[in-house]
Amino acid sequence: MPLLSVDELTVTFGGRDRRPSTAVDGVSFTVGQGQVVGLVGESGCGKSVTSLALMGLLPAKGVTVGGRADFDGTDLLTLSPARMRDLRGRELAMIFQDPLSSLNPVVPIGLQVTEILRRHRGLKGEPARKEAAQLLDRVGIPDPGRRLKEYPHQLSGGMRQRALIAMAVACAPRLLIADEPTTALDVTIQAQILELLRELVDQEGTALLMITHDLGVVAGLCDQVNVLYAGKAVETAGRRELFGHPTHPYAHGLLGSIPRLDAPRGEPLHPIRGSINDKIAWADGCAFAPRCDHYTLECLTGTPELTEPRAAGHRVRCVNPVLPAVPPTAEVPA
Amino acid sequence: MSLLELDGLKVHFPIRKGILFDRVVGHVYAVDGVSLKVEAGQTYGLVGESGCGKTTLGRAVLRLTGITSGEVVFDGTDLAGLDDEAMRRFRRRLQMVFQDPLGSLNPRQNIESILAEGMAAHGIGADREERREKIKEILARVGLPADALNRYPHEFSGGQRQRIGIARALVLEPDVIICDEPVSALDVSIQAQVINLLEELQESLGLTYLVIAHDLAVVRHISDVIGVMYLGSLVEEAPSDALYAAPRHPYTKALMSAVPVPDPDLEDRRERILLHGDLPSPANPPAGCRFHTRCPWVQDTLCATDRPELTDTGDGHRVACHWTAGIEAGTLVRTRATGIEAVTETAAVAEEPEAADAGPAPDLVSGPEPPAPVPGVPAPAAEADPKLPVPGVLGGAPAPGPAGAPGAPPPAGPGEAAEGGHGRTTGGAGQPAADRG
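The rules behind these values
Residues numbered from 1 in each chain as written. Chains lettered and ligands numbered in written order. Predicted model: local features only at pLDDT ≥ 70, side-chain atom pairs only at ≥ 80, totals over all residues. Heavy atoms only, no water. UniProt positions renumbered as here; feature names shortened; annotations may be inferred. Helix = DSSP H or I, 4+ residues; strand = E, 2+ residues; numbered from the N terminus. Buried < 20%, exposed > 50% of the residue type's maximum accessible area, 1.4 Å probe, protein only. Contact = heavy atoms within 4.5 Å. Areas by Shrake-Rupley, 256 points an atom, 1.4 Å probe, with all protein chains shown as cover. Core = buried A, V, L, I, M, F, W, Y, C linked by side-chain atoms within 4.5 Å. Pairing = 2+ DSSP bridges. Phe/Tyr/Trp six-rings, centres within 6.5 Å; stacked < 30°, edge-to-face > 60°. Buried area = accessible area lost by both parts, 1.4 Å probe. Salt bridge = Lys/Arg side-chain N within 4 Å of Asp/Glu carboxyl O. Polar contact = N/O pair within 3.5 Å; in protein donor to acceptor, adjacent residues only side chain to side chain. Nonpolar A, V, L, I, M, F, W, Y, C, P; charged D, E, K, R; others polar. Axes fitted to C-alpha atoms, helices over the stretch in contact; angles between N-to-C directions. Parallel < 35°, antiparallel > 145°, perpendicular 65-115°, else oblique. Left-handed = near helix turned anticlockwise from the far one by under 90°.

Going by what an unreviewed UniProt entry lists, chain B is known as ATP-binding cassette domain-containing protein and is assigned to Streptomyces pyxinae. According to its UniProt record, chain B has this under Sequence similarities (unreviewed entry): "Belongs to the ABC transporter superfamily."

As recorded by an unreviewed UniProt entry, chain A carries the name ABC transporter ATP-binding protein and is attributed to Streptomyces pyxinae. Taken from UniProt, the Subcellular location (unreviewed entry) comment for chain A reads in full: "Cell membrane". UniProt annotates chain A under Sequence similarities (unreviewed entry) with the comment "Belongs to the ABC transporter superfamily."

Attention now goes to the overall build of chain B. The helix and strand inventory of chain B stands at 15 helices and twelve strands. Within chain B, the fraction of its 437 residues that count as buried is 53%. In chain B, 69% of the contacts between residues at least 6 apart in sequence involve partners at least 24 apart. Taken as a whole, chain B presents about 17,600 Å² of accessible surface, with 52% of it coming from carbon and sulfur.

Looking only at helices and strands, chain A features ten helices and eleven strands. Evaluated residue by residue, chain A yields a buried proportion of 55% over its 334 residues. Of the contacts made within chain A by residues no fewer than 6 positions apart, 62% connect residues no fewer than 24 positions apart. Carbon together with sulfur atoms contributes 52% to the accessible area of chain A, which is approximately 14,200 Å² in total.

With that out of the way, let us pick up the nonpolar core. Ile165(A), Leu176(A), Leu208(A), Met210(A), Tyr250(A), Val228(B) and Tyr251(B) are the most contacted members of the largest nonpolar core, which has 105 residues in total. Sorting elements by how many residues they give to this core places helix H7 (residues 187-204) of chain A first, with nine residues. Once residues within four sequence positions are removed from consideration, Tyr250(A) is found in contact with Gly41(A), Glu42(A), Val227(A), Leu228(A), Tyr229(A), Val234(A), Ile272(A) and Phe288(A).

Moving on, we get to the side chain of Ser275(A). Tracing the backbone shows Ser275(A) in the loop between helix H10 (249-257) and strand E11 (315-316). Here Ser275(A) falls in the buried class, since its relative accessible area comes to 13%. Leaving out residues up to four positions away in the same chain, Ser275(A) has contacts with Arg291(A), Ser157(B) and Ile190(B).

What follows deals with the pairing of strand E3 (residues 43-47) of chain B. Residues and elements named next belong to chain B. Buried residues dominate E3, accounting for five of its five residues. Side chains Thr43, Gly45 and Val47 project from E3 onto one buried face, and the interleaved Tyr44 and Leu46 project onto a second face that is buried too. Pairing of E3 with strand E8 (residues 208-213), which is carried by five bridges, proceeds in the parallel orientation. Bridge pairing in E8 places Val47 opposite Ala213.

What follows concerns helix H1 (residues 54-61) of chain B. Since there are 3.6 residues in each turn of an α-helix, residues three or four apart along the chain are aligned in direction. All names here are of chain B. The buried fraction of H1 is high, at six of eight residues. Along H1, the residues classified as buried are Lys54, Thr56, Leu57, Gly58, Ala60 and Val61. The positive-phi residue at the C-terminal boundary of H1 is Arg63, with phi of around 55°.

Our next topic: the packing of aromatic side chains. Residue and element names in this part refer to chain A. Per the counting criterion, the structure on display carries seven aromatic pairs over all chains. Aromatic side chains Tyr250 and Phe288 sit 5.3 Å apart centroid to centroid with 65° between the ring planes, which places their arrangement in the edge-to-face category. Taken together, the positions of Tyr250 in helix H10 and Phe288 in the loop between H10 and E11 put the pair 38 residues apart, joining distant regions of the chain. Judged by its relative accessible area of 3%, Phe288 is buried.

Time to look at the pairing of strand E3 (residues 36-40) of chain A. Residue and element names in this part refer to chain A. When you tally the buried positions in E3, you get five out of five residues, the bulk of the element. Here E3 shows two buried faces, one formed by Val36, Gly38 and Val40 and the other by Val37 and Leu39. Of the strand pairs in this sheet, E3 and strand E8 (residues 207-212) are connected by five bridges, and their pairing is parallel. In the strand pairing of E8, Val36 is matched with Leu208.

Once that is clear, we can look at unusual backbone geometry. Residues and elements named next belong to chain A. A positive phi angle is found at Ala172, which is not glycine, with a value near 45°. Along the polypeptide, Ala172 turns up in the loop between helix H6 (157-168) and strand E7 (175-179). Of note, Ala230 is a non-glycine position whose phi angle comes to about 50°, a positive value. Its place among the elements puts Ala230 in the loop between strand E9 (224-229) and strand E10 (232-238). Residue Ala230 is classed as buried on the basis of its relative accessible area of 9%.

Now for the interface of chain A and chain B. With 69 residues of chain A at the interface, the matching set in chain B holds 58 residues. Between chain A and chain B, roughly 5,300 Å² of surface is buried when both sides are summed, and carbon and sulfur atoms account for 55% of that area. Inspection of the chain A/chain B interface yields four salt bridges. Inspection of the region where chain A meets chain B yields 16 residue pairs in polar contact (both at pLDDT 80 or more). Those elements giving two or more residues to the side of chain A that touches chain B turn out to be helix H4 (125-138), helix H5 (144-147), H6, H7, helix H8 (215-221), helix H9 (239-244) and H10 of chain A. Sorting elements by how many residues they give to the side of chain A that touches chain B places H7(A) first, with twelve residues. Grouping the constituent residues of the side of chain A that touches chain B by class yields 28 nonpolar, 17 polar and 24 charged.

What follows deals with the packing of helix H3 (residues 111-121) of chain B against helix H4 (residues 128-141) of chain B. All names here are of chain B. Put simply, H3 and H4 touch, their axes get as near as 10 Å, and they point 115° apart. Taken together, the axis directions place H3 and H4 in an arrangement best described as roughly perpendicular. Both H3 and H4 take part in a crossing whose hand is right-handed. Residues Ile111, Glu112, Leu115, Ala116, Met119 and Ala120 of H3 lie in contact with H4, whose contacting residues are Arg128, Arg131, Arg132, Lys134, Ile135 and Leu139.

As a further point, take the sheet that holds strand E2 (residues 23-38) of chain B. All names here are of chain B. The strand order across the open sheet formed by four strands is E2-E1-E4-E5, and the pairing between neighbours is antiparallel. The open sheet is flanked by E2 and strand E5 (77-78), the only strands paired with a single partner. One ladder, built from two bridges, connects strand E4 (residues 69-74) with E5; its direction is antiparallel. Bridge assignment links Val73 to a residue of E5, and that residue is Asp78. Across the face of the sheet, H1 comes into contact with strand E1 (4-17), E2 and E4 while running at roughly 110° to E1.

Moving on to the packing of helix H5 (residues 158-170) of chain B against helix H6 (residues 188-205) of chain B. Residues and elements named next belong to chain B. Where H5 meets H6, the closest approach of the two axes is 10 Å, and the angle between their N-to-C directions is 20°. For the element pair H5 / H6, the angle class is roughly parallel. Considering how the two elements wind past one another, H5 and H6 form a crossing that is right-handed. Between H5 and H6, the contacting residues are Gly159, Gln162, Arg163, Ile166 and Leu170 on the first element and Ile190, Gln193, Val194, Leu197, Leu198, Leu201 and Leu205 on the second. Taken together, the residues of the contact of H5 with H6 sort by class into eight nonpolar, three polar and one charged.

What follows is the structure in structure tokens.
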């Protein structure tokens, strides 16, 4: 039984005076204990809104949330704000993309860390301070005693992100949601932070929901990957399966358009044409069809379903998937 | 003769203090002595992390930022010595494409007006009609519809805006285009479109590019030669393929190993070299080799005292490291951990580079001993190498701890931090990560 199982999550913005716009359109996935699950996609695919919905951080007005998000028997989407506050920070925690704007600029780091310890673990005074120093030390912040007295602007970007991770893991949460945790960081600092997350998952068995646009990060970290496009999962597979045989034209196109460090020079890139603005409503067909090289009239007849055209567990939402000319050797009954 | 040659380029920004009397209390050494050559028709890629001075360097070439000293020789003329009017005329031949396509286009000008402005300033095209024809031709070339002329920047998507930025550079028929992070603001699928466009244009128009970017994979894809910058200077330069096949400077090695590759098998297999701590402040760079405070191979001699010069090490590589040969041969042992310990072990105390002159330098270890090699000429180290390292360093190598060379510099006292960011750990002594109960 997975720790978190999200079923047909739908988030729609807008209401009476605005044309409603659906950011997340029926997304389903599960995250097990000690598992790293990736939500990948470009800007506007609904990955961040998914995480905000799970954490109960969407504004109360002007947003309609549908579906279920079952976290160890409780539906996160229908919890009362008070129960959610109790769970958030203790059982679920989140790391945001921009560490500077998610820390309070006028409160010292120490106070921001001990706030969580006081709220959820009842620690106060010296024990809380000690625990906070230990948390900072654990995420590799040198001289934690001094850093606790400093303000966010006095820390470097990498150190701020570490401080946020320290706060997120303060109560040993069972589920950690990381929304683009390394996008604002330099590549050597990114490597440090990813290693830290990897260790957390290995040692504590934390479930990690990793939200990113970087397929390289996904390849090294995630067990299971969901590729989102225009609010829907278009491909779901284990990472080896996905990177070895990207089957949805969008996932295939994404992998073809990334310059790779290990590719020989001069190998051309194969970009996806158009931009995210060229999409059609899922209700009318496949939202990716206007940018797709494989598209046929069949793509415009209603929402395609998730199917398993290649292998079990590798689900693809496409009527014309990218399949190898020779299908993989299937077990043909003699 | 190369088309563009930088020789000892320095850009220092003064740090001022005082209300009534303007005093200069220090400098930010943004670019601190960079020499490189960009050949006609080729692409030179400059990579480095934020704060390494790569953007300042690009702006200094166009003299959008004042040059402190050094030469920028373009087609035989030293741009650093030109007066403003002569420089203005030269800018037709050296154009720039900026990172933020929306921020670099005036929202109140339509596309025709944006593109025609530069043409008018440089006297290209006799009248409006002629300019319009030329602009239409360029727009078609960068893949924009002709009706873009009368539209405004906000009506375009990010990728299209970047095409407008490229068109703005192209209408002046430049020889060199400096691309400062040309694709980093764009989504992955759009990045590839713009990269392909830049390559096509280079091929058909014979352009020369200086591409400045933090994304090593992008730079590797489009560059013929790559220069790696760290804290204001080049640490390594090599042809693109050679650099990827065999990075020689410790920083390049770490940088390469940190770039995620979209290939799960490769990701699981390859070794990651994690660095300690953060980039030191360019206002207060460490003495000696700028990288020695984070270098996994830091040695007790030279590193903290002598600044290495960029030296030819064969195969087109130029490397600024005293110990290249020893690291290549494997005779030098890492003195700092590069695994997860580099991240979780905060060891003893943060060391501050302010104390550089007083000495985080390991003066207790090898102070009285005059270093054998001539400073600035590390090449002889090649033969002498196995003997050179202080025995203590080599001796401690296979010890049980992952690093913890006994010769590692002792922790200096806790300095007063001017700014977070240059704390680092010393040694890598076998202190286990503090686990929470």
